[in-house]
Each structure stands twice: as structure tokens, then as C-alpha cells.
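Chain by chain, the residues:
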Amino acid sequence: MNQAKHHKAAAFCRLTPKQVNSPSLAGVFVAALKREWQLQVRRKGDLINPLVFFALVVVLFPLGVSPTAEILAPVAPGVLWVAALLAVLMSLDALFRPDLQDGSLEQLLVCGYPVAPLSLAKVLVHWVLSCLPLVLLAPLLGIMLYLPWQAQGVLMLSLLLGSLALSLVGAIGAALTTGLGKSGVLMTLVVLPFYMPVLIFGTGAMQAAVNGQPVLAHLALLAALALAALALSPWAIAAALRIAVSGE
Amino acid sequence: MWNWLKTLYHRLGSPKWFYQITSKWLPWFVGSSLLLLGLGLVLGLAYAPMDYQQGNSFRIMYVHVPAAFLAQSVYMMMAVAGIVLLVWKMKMADVVAQALAPIGAIMTFISLVTGAIWGMPTWGTWWMWDARLTSMLILFFLYLGVMALREALSPQETAAKACALLAIVGVINIPIIKYSVDWWYTLHQPASIKLTEKPAMPASMYLPLLFMVLGFYALLGWSVLLRARAEVLRREAKSGWVRELLKDK
Amino acid sequence: MYFDSLSDLINMGGHGLYVWSSYAITLVLLTSSILLPWLNLKRTRKQLSRQIAREAANSR
């Protein structure tokens, strides 16, 4: 009698009642991907502005330093990488804020599914929509900076791998500063120190390509950074979102 | 011993107890830091023998090395305090973390400035993009980031947890940053005076360093306690024991 | 003492300026990292006790 009572109480108190037709985590992940895709495709300005920013920063260098090939070509890898890095950082600023404002971020936190994979869906879609165009634009700007031809492929490949790490790490900063109305400079201050390894290995790969040295080691290190970020940062993003939204 | 530590830990979670016990600890930190720093300064400046390669400029080591040492370990302490806050929800850990950030930044700044001054007689230039100086500079920016985040966020509980998370993320990243900067430096290594393997330091050379490191730690404790005590009073201003304490002053 | 005279100690074989300036900067920063929190603690105590006295007077 007593035990039956206990059983009933336990079933009643169970925090997440078992539903017969509750979708699996994979299903929810795919749904989140679709939702993010639709939302981010519609925010055209947020997609185009970082590209324009990237091109503008690159244009500043010939104007500020020198338009001659002898000076521009050696600094081109660094200039392209720094400009791309800043563009990725700028594009991340609005990653979570619209969701916070319309309340869907809170829904994400209370929906009962682990937050980390769902926030990963957000970052992945952002990477595809914001960083891939950047990667495609980079060779054009590379030509304008007299980047040697043999480095163009490595430029795209290193940016492809690097921007994934940059997006994932930057999303932690974006999540931490979501609660603020405006976070531009603060987020930059918080995130940029963490970007330095990616910058070092990214430009390292390109320097090697320019000098005709093997690039595989550099790219492998970049890939390792991206994979480590892929494995670890979703948990940090999830924790940061919890802190930003509900203060716990 | 273990049980004693556990009780101490639990008691330190209480703001009132923290305030009371630290007033007893404070004189020890004051005395030991003044004694050790004074001893280290006199021995390091006047009694340690000259380095045969660098001459007397090596005496900068006695302030540079302890500062660099503390700059790194204070960040670790901040991350440990962050873990204590996030996992065990101990609010006093955040008071300590908040007190640690500025002194950590100051230590990083000291090590950067003395490193630059040391660079002039050794390398012939104020600044060199040396691997260690560069990682120290990045560490300085990490401290500034944590402090800026705390400044910007409100309420205070949110800021505390956000800073704790940032410190933990930073500690995971510091080895990666250090490794990548070392790697970058070996790629771009400029011609520099390479200090060859040093012979074992005589006691008259390393004893002052030992005193200075311990003295810096004691001073860190002193500064952190001062900041933490003020912060405890501010946070607990509405509670009974603070009113009782400050009533008749 | 390692040095023969006081002027030797100050000069340090030509490196005196570097050594003494870095010690001076360190001492100033260390002193300020004690002095400023200490003044802040005193000010906090004073402010809070004044506030408490005022509230006590108001409630009476």
C-alpha cells in the first residue's frame, strides 16, 4: 500500500513526463536547423553587411599603406585574415539578440532538450550563411592585394576551417553579451584574445603557401582548433545563454 | 586536516564569518608581505652578485619574475573561484574573483613594463615581439575583458556568473594561446641575443627571488582581502550583522 | 653588500636607470594596489555607517 503510494507520487512528480510522441533530439536538431535557416535568410542586411565590411577593411590597406605590389603582396595574407576575422566577429553580434527580444530564446532554454546541440544548430547555420560567402569573396580581394596565385586555394581552405572556429568561439562572447542592448565593443574586447591562435595558424598556412612550403601541418592545426571548438564551445554557449537569459 | 578544510570552506561561504576571520588574517598578510618584500628588495638590489652575462640589469628579474608568476596564477585562481561559484553556488567565491581581477591586471602590467625596461639593455629595444612578452600582452587583454564584462552586465549575479564562465573559458584557452604564440615566434624568430643555458644560480641570487615571490603572494592576499572586505560590506549592507557592526561608528 | 660604494649601487655599472626605474614603477603600482582598496574600504565603512545612522534616525 505504502509502496504503491510512493510509486504514484514519483510518477506524478517526474519533471519531464514521458510523452509517446515526443520527437527525438535529432529531429529537434533538424527542425532547429530549418528554423534558423529561414530566419537568417530573411535578415538580408545581417548577411550582406559583414561582406561589405570585409571588402572595405581590405580597401583601407592600399590607401593607408601603399598601393604597390612590393609592399602589398607580403602583407596580403595577414591583411586578408585580420579583415575576415573582424568581419566574422561583427557578423556574430546579432546572433542571439533577436531571439532574446522575441522570447524564443527562453523557449529554447525551457523546452527540455539539451541547449548545447540546439545552439550549435544556430552557429552552424550562421557559419554556412555568413562565413561561406566570405570565403568565396576572399580570393577576389586576394587578387586586389597581389596575393600570389598558389596561395589562393590555401586562403579559401584556411578561411573555411578558421571561420568555423571563429564562429564557435565568438558565439560564446555573443551569448555572454546577449542581455546588453548594444555590445559591439565589449564583445570585441572579450572575444579577440581568443582569436589569436586561429589567426596565427591561418596566416601561418598562407605564409607557407606563399613561400612554397608544405601547408598541410598548418591546415591540420587549424582543423584541430575547429574540431576542438566544435566539441567544447556549444556547452559554453549553452551555459552563457542560461546566464544571460535567466541569470543562472 | 581534511575535515578542518571542509569546515573552513563551508564557513567561508558565510559573508559574516568571512568578514570576521579575514580581520584576523589581515595582519599576518601585512606583516609577512612587508617583511618578505623588504628583505627581497635589499638583498636583490644590493647583495646579490652580478650576472656575468647581463650585468646588473638582471636585478630587474627580482620584480619581473614574481609579477609574471602572479599574473598567470591569479588568472588560475579566478577560474577556480569561477568553478566554485558555478558548481557550488558559493557567492563569496565571486567576491574573491572580483577582487582578484584588478590585481591580476596590475601584475600583468608590471611584468610587461619591467620586461620592456629589461629589454632595452639586453636586446637594445624597448619592445620585442618575443613569445613570452606577447603571451603576457594577450593575458593582459584577457584580464581587461573580464573586468569590462563585469562592468557592463547587470544585475550583479548575472555579471558574476558571466565572468566566472569567461574565466573558465580563458583558462582552457590559455595553453592554446601560449602554444600558438610560441609556434608563431619560432616561425618569425628575429635575430636576438640568445641567453645560453644558465649555470645553477648561487643561493645569494635565488634567495632574493624566493623572498620576492613569497612577498608578492602575501601582498596579493593583502590586496584581495581589502577589496573583498569592502565588497562584502557593500553587498551585505542590508543584513543585520553589518548594521550591528557599523551602528556605533 | 655587493657594491663598493653608494654611488656604485645607484649607477649599477651603467644599468642603474633601467633597474631603479623598474623597481620604482613596481613599488608605485604595488603600493597603489594596497592603498586604493584600503581607502575604498574606509570610505565604504563610513558611507554605510552614515546611511545606517540616517535610517535609524528616520525610523524613530
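My aim in this report is to walk through the structure given alongside it, one point at a time. (Residues numbered from 1 in each chain as written. Chains lettered and ligands numbered in written order. Predicted model: local features only at pLDDT ≥ 70, side-chain atom pairs only at ≥ 80, totals over all residues. Heavy atoms only, no water.)

## Thoughts on the arrangement of the chains
Applied cut-off: Here a residue-residue contact requires only that any non-hydrogen atoms of the pair lie within 4.5 Å.
The interface with the most contacts, out of two pairs of chains in contact, is the one formed by chains B and C. Between chain A and chain C there is no contact, and the shortest C-alpha to C-alpha separation is 24 Å.

## Structural notes on the interface of chain C and chain B
Inclusion rule: Once two parts are joined, some of their accessible surface, as seen by a 1.4 Å probe, is lost; buried area is that loss totalled over both. Basic side-chain nitrogens of Lys or Arg form a salt bridge, by our definition, when they fall within 4 Å of a carboxyl oxygen of Asp or Glu.
Listed as interface residues are 31 residues of chain C and, on the opposing side, 44 residues of chain B. Of the roughly 3400 Å² buried between chain C and chain B on both sides combined, carbon and sulfur atoms contribute 74%. For the chain C face of the interface with chain B, the top three residues by lost area are Tyr2(C), Tyr18(C) and Tyr23(C), together amounting to 19%. Counting the contacts that link chain C with chain B gives one salt bridge.

## Describing the packing of aromatic side chains
Residues and elements named next belong to chain B. Inclusion rule: Geometry of aromatic contacts follows a simple scheme: Phe, Tyr and Trp rings, the Trp one being its six-membered ring, pair when their centres are within 6.5 Å, and the pair is stacked under 30 degrees between planes, edge-to-face over 60, tilted otherwise. Helical segments are the DSSP runs of H or I of at least four residues, strand segments are the runs of E of at least two, and each set is numbered from the N terminus. For every residue, the accessible area obtained with a 1.4 Å probe (protein chains only) is divided by the maximum for its type, and the residue is called buried under 20%, exposed over 50%, and partly exposed between those limits.
Throughout the structure, instances matching the rule amount to 10 aromatic pairs over all chains. Considering the side-chain rings of Tyr9 and Trp88, the 6.5 Å spacing of their centres and the 80° angle between planes classify their relative orientation as edge-to-face. Within this pair, whereas Tyr9 is found in helix α1 (residues 2–12), its partner Trp88 is found in helix α3 (residues 61–88), the two being separated by 79 residues in sequence. For Tyr9, a relative accessible area of 28% corresponds to the partly exposed category. Taking 5.5 Å as the distance between ring centres and 80° as the angle between the ring planes, the aromatic pair formed by Trp127 and Trp129 counts as edge-to-face. On the basis of relative accessibility, which here comes to 28%, the residue Trp127 falls in the partly exposed class.

## Thoughts on the environment of Ala224(A)
Examined against the element boundaries, Ala224(A) turns out to sit in helix α10 (residues 216–246). Remark: the alpha-carbon pair of Ala224(A) and Leu161(A), spanning 63 residues in sequence, is separated by 9.2 Å.

## Notes on the interface of chain B and chain A
Interfaces are often sized by the accessible area lost when the parts come together. For the record, the criterion: Each residue is assigned to one class: nonpolar for Ala, Val, Leu, Ile, Met, Phe, Trp, Tyr, Cys and Pro, charged for Asp, Glu, Lys and Arg, and polar for all the others, Gly among them.
Opposite the 25 residues of chain B that make contact, chain A presents 23 residues. Summing both partners gives a buried area of about 2200 Å² for chain B against chain A, and 87% of it is carried by carbon and sulfur. Contact with chain A buries surface across chain B, with Lys161(B), Leu165(B) and Trp183(B) losing the most and accounting together for 22% of the total. Between the two partners, chain B and chain A, sit zero salt bridges. If you list the elements that add at least two residues to the side of chain B that touches chain A, you get α5 (131–152) and α6 (156–188) of chain B. Considered class by class, the residues forming the side of chain B that touches chain A number 19 nonpolar, five polar and one charged.

## Things to note about a nonpolar patch on the surface
Residue and element names in this part refer to chain A. Here is the rule we go by: Patch membership needs two things, relative accessible area over 30% and no salt bridge, and members are linked within 9 Å if like-charged or within 5 Å if nonpolar (Val, Leu, Ile, Met, Phe, Trp, Tyr). Only the protein chains shown count as cover for residues, and all accessible areas are computed by the Shrake-Rupley method using a 1.4 Å probe.
A grouping of Val59, Leu63, Leu140, Ile143, Met144 and Trp149 is seen on the molecular surface, where their side chains present a nonpolar patch of about 680 Å² in accessible area. At the level of secondary structure, the elements contributing two or more residues to the nonpolar patch comprise α3 (44–64) and α7 (115–144). The element that contributes the greatest number of residues to the nonpolar patch is α7, accounting for three residues. Checked against the element boundaries, Leu140 lands in helix α7.

## Quick notes on the pattern of salt bridges
For the structure on display, the rule yields 11 salt bridges over all chains. Note that Lys122(A) is salt-bridged to Glu36(A), the shortest N-O span being 2.7 Å. Of this pair, Lys122(A) sits in helix α7 while Glu36(A) sits in helix α2 (residues 25–42), placing them 86 residues apart in sequence. Each member of the pair, Lys122(A) together with Glu36(A), is buried. One salt bridge in this structure joins Arg43(A) and Asp46(A), with 3.1 Å as the shortest N-O distance. Of the residues examined, Asp46(A) reaches a relative accessible area of 34% and is grouped as partly exposed. A single salt-bridge network, built from bridges that share partners, covers Asp94(B), Arg150(B), Glu231(B), Arg234(B) and Arg235(B).

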